[in-house]
Each structure stands twice: as structure tokens, then as C-alpha cells.
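Breakdown of the fold
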Amino acid sequence: MNHFTLNLPPDSEGFYGKFGGTFVPDILRPNITALKEAYLKYIDDPDFQEEFDKLMRDYVGRPTPLYYAKRLSEKYGTNVYLKREDLNHTGAHKINNAIGQVLLAKRMGKHRVIAETGAGQHGVATATVCALMGMECTVYMGKLDVDRQRPNVERMKMLGANVVPVTKGSATLADAVDVALMDWCENPDETFYLLGSAVGPDPYPQMVARFQSIISEEIKQQLLQLTGKPNPDYVIACIGGGSNASGAFYHFIPEENVQLISAEAGGLGANSGKTAASLTAGREGIIHGFKTMVLLDDDGNIEEPYSISAGLDYPGIGPMLAHLADTVRTKVIPVNDDQALKAAHEITALEGIIPALESSHAIAVLDILKFKPSDTVVINLSGRGDKDLSTYLGIPVNE
Ligand SMILES: *Cc1c(COP(=O)(O)O)cnc(C)c1O
């Protein structure tokens, strides 16, 4: 079966409405062109899909369950289903994309993979898949993140990755992306840049969304089995760069009766200046090779984002999500740190599931919107919370 149906394609230049495109130095153009050609060639190739399928099933553990959360449903007087991406190998949805891109890198004859990472989840997924495929792996990570995400740094090292701390700028995710892009400029021939979210220059946003679209493909089949109807009333996902949301929304975008809810990281409040809510508080701008909504200061410089969740702490947002928000196809809800923390403790107490801090932002929407008793509400539980225990328990981290 074809996993990668193209819904809502960007135009030939990679624009979704006014967002997206390719804003890169000339030196990167040939890399981007070669990547786009290879991606378009292989994504519909039956051998590629078969290899992807097998790894998804036998290595990642897909399909992930769609779980009816009975006690959470009772509490909110509606029907809540959790899509359990936290049960994937390595503990989040990131591995779906990492496998897709590494399979592509192999077919392009590349032997060296580079990646950026914030909280370390994408770095761990990339290091894992590189070990599996025998590829050389370098992960760029802000020095600040290296210090506050020790366990993930150690996992990457165990998996054989070279973890490079980035000290420039604010020493966090956005700086790690800059340095990864510089590496790619300097080593265009042998290197594949494995980008971790639905961001960056075209074709990354569309490619990542299609690899992640397996999430909504499964939700449709599972809902049909569980409820007799393939479409829910709501799909809720958190948005950092937008990859888990793109995947969870993908096959529902043409279904007008399905409401798509994007939970962005409000931080201390979307208008507090300490936020990562780029759709609510941002303006049009260019970041990391594409046009989108960006947190900018009065001089037009990219502002330092803030969220309690390292995986949502990004000053931009993928162009497909920016377009869905601009056309009001998705409703955007800023969720603040305290609301996410409360949701995390609640789902842990009611369902025995410790969610990633990122995913907690999606769960918090249950307490913000009003749902009907007849509604079917699917929440994409993008990852597990092992990495966030010290935050949940209020243990100070070494910064
Ligand atoms: C990285 C991450 C996110 C945010 O990234 P998206 O590209 O927006 O999905 C969300 N949840 C978890 C568990 C993550 O690891």
C-alpha cells in the first residue's frame, strides 16, 4: 500500500501559501536540489516503501496503539483516544522520520549523517538509526542543552554518535541548526543532513510530513475498527517545529469536519516575552532557510524562545502548520508551562502514563476547550516522559 499519499502539497517552489520556500546560500542549492530529486524519486518506489514498512513494524513497533483513555474521558465528559507514539522504539515519533531519511541517504550513496537536536530526542533517534544502518553520525547540540539533557547525550554516545556541543549564540537548538547547515555547506558530497522536524528549506517540510503521515494513516484505520467511523471530531497535537502534528493531521486535512488543534508552547504566557508561541506571538520572517512565523524582536532579530519543554523551544514553526493556521484550518492554542505540568500529573494519575513534557501541552487542551459527550477526541501522545522526570518532580537541573 502507498503510505505517502500527497495531501496539501506545496507549490513547485515549496511554498504553502506564503510560507516555506528555499532561502539558502547558493553553495547549498545543489545539495537541496539533489535531495529533492532523490526524495521525489524514492518516496513512491515500492522497494523503498517495503523497507520502510518492515522497519516500522519489526524495529519501531508499529502500529502504535490507539488507546481509549477511560478515566480521562470520564473526567472531561467526552471520548478521549491517545495515539501512543510514546511506545515507539526510542520513545517518540522522531524515529519515523529518522528511518525514512536514512533509507533515502543510503540510496543517495551517502555514508555520513549529520543532525541537530534540542532536547536530544531527534539526536537519539538519528544515532539509533545510524547504528542500525552502519552510518557515521554527528549530532550538533547547543552546549546549554548538552548540560541539561545528560541522559540523552549519554545514549547518543553509547550508540556511537559524535556529539558536538555548540557554544555560539544562545547555545540552544536554533544555533545547533545553524552549525549543522554550515557543516553541510562544507561537506556537500558525502554528507546527508537528517533534519528532525517539518522545518527548513523545501523539500524537508513536505518530506518529513509524509514520513510522519503514517500516524494519521493508522489513526483512521484504528478509529474505524474501534468506533465504526474513520474520522474523529478533533485531533490535538503539540507543535514545536510541527512534525508530530503534521503526521497526526495529515490524512484529516481534507476532512472538513475534523477539527485540527495545534497546542503551541506558551511558556510563561504567549504575550509575556518568555514564550515559544511563534504562531500567536510571531511575525513573518525567515529562519533556517524558509519563510514562516518567527519570534522577532523590534529590530527584526530572532528572539530567544522559552518553554519549559526543550522539544518545543523553537522560535519558528513548519510552513505547512503556519499555512494551516493562516487559513484557519487549524485552531492554535497557546498552552503555558503550568497548564502542561498540571496535565502531565493528571494523565499520570488517571491513566498511568507519564507523557513527554511536549505531549503534555496537547493533553492540557482537554482543560482549555469544551468537548461534547458525543465527541471523539484524538490526542497525539508524541513521546514518553522519562527524560522529563526531574522537571515533573521539581528537581533543579544543572544549567
Ligand atoms: C521533538 C518532540 C516534539 C516537537 O517536535 P515536532 O516536530 O513539533 O513534533 C514533540 N514531542 C516530542 C515527544 C518530541 O520529542
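Scroll up a little and you will see the structure.
Residues numbered from 1 in each chain as written. Predicted model: local features only at pLDDT ≥ 70, side-chain atom pairs only at ≥ 80, totals over all residues. Heavy atoms only, no water.

Turning to the sheet that holds strand β7 (residues 162-166), a few remarks are in order. In spatial order, the strands read β7-β6-β5-β8; together these four strands make up an open sheet with parallel pairing. Looking along the sheet, the strands with just one partner apiece sit at the ends: β7 and β8 (191-193). Neighbour-to-neighbour, the strand axes of this sheet turn through a mean angle of 25 degrees, independent of strand direction. Here strand β5 (residues 112-117) runs beside β8; their pairing, made up of three bridges, is parallel. Looking at the pairing, R112 lines up with T191 of β8. (Pairing = 2+ DSSP bridges. Helix = DSSP H or I, 4+ residues; strand = E, 2+ residues; numbered from the N terminus. Axes fitted to C-alpha atoms, helices over the stretch in contact; angles between N-to-C directions.)

Counting 89 residues, the largest nonpolar core has F52, I99, L104, M156, W184, Y193 and F249 as its most contacted members. The element best represented in this core is helix α8 (residues 173-186), accounting for eight residues. Beyond its immediate chain neighbours, meaning those up to four positions away, Y193 contacts Q101, I114, A115, E116, V177, A180, L181, W184 and Y204. By size, the runner-up hydrophobic cluster in this structure holds 30 residues, among which are A69, A265, L350 and V365. (Core = buried A, V, L, I, M, F, W, Y, C linked by side-chain atoms within 4.5 Å. Buried < 20%, exposed > 50% of the residue type's maximum accessible area, 1.4 Å probe, protein only. Contact = heavy atoms within 4.5 Å.)

With that out of the way, let us pick up the packing of helix α5 (residues 121-133) against helix α7 (residues 150-158). Axis separation between α5 and α7 bottoms out at 9 Å; the angle between their running directions is 15 degrees. Considered as vectors, α5 and α7 are oriented roughly parallel to each other. Viewed along their axes, α5 and α7 form a crossing whose handedness is left-handed. Where α5 abuts α7, its residues Q121, G123, V124 and A127 lie against N152, R155 and M156. (Parallel < 35°, antiparallel > 145°, perpendicular 65-115°, else oblique. Left-handed = near helix turned anticlockwise from the far one by under 90°.)

Glancing now at the pattern of salt bridges. Applying the stated criterion across every chain yields a total of 25 salt bridges. One salt bridge connects K220 with E255, and the closest N-O pair in it is separated by 2.8 Å. Of this pair, K220 sits in helix α10 (residues 214-227) while E255 sits in the loop between α11 (243-249) and β10 (259-267), and the two are 35 residues apart along the sequence. For E358, the salt bridge goes to K387, with nearest N and O atoms at 2.8 Å. Of this pair, E358 sits in helix α15 (residues 357-363) while K387 is found in the loop between β14 (376-381) and α16 (389-392), placing the two residues 29 residues apart along the sequence. (Salt bridge = Lys/Arg side-chain N within 4 Å of Asp/Glu carboxyl O.)

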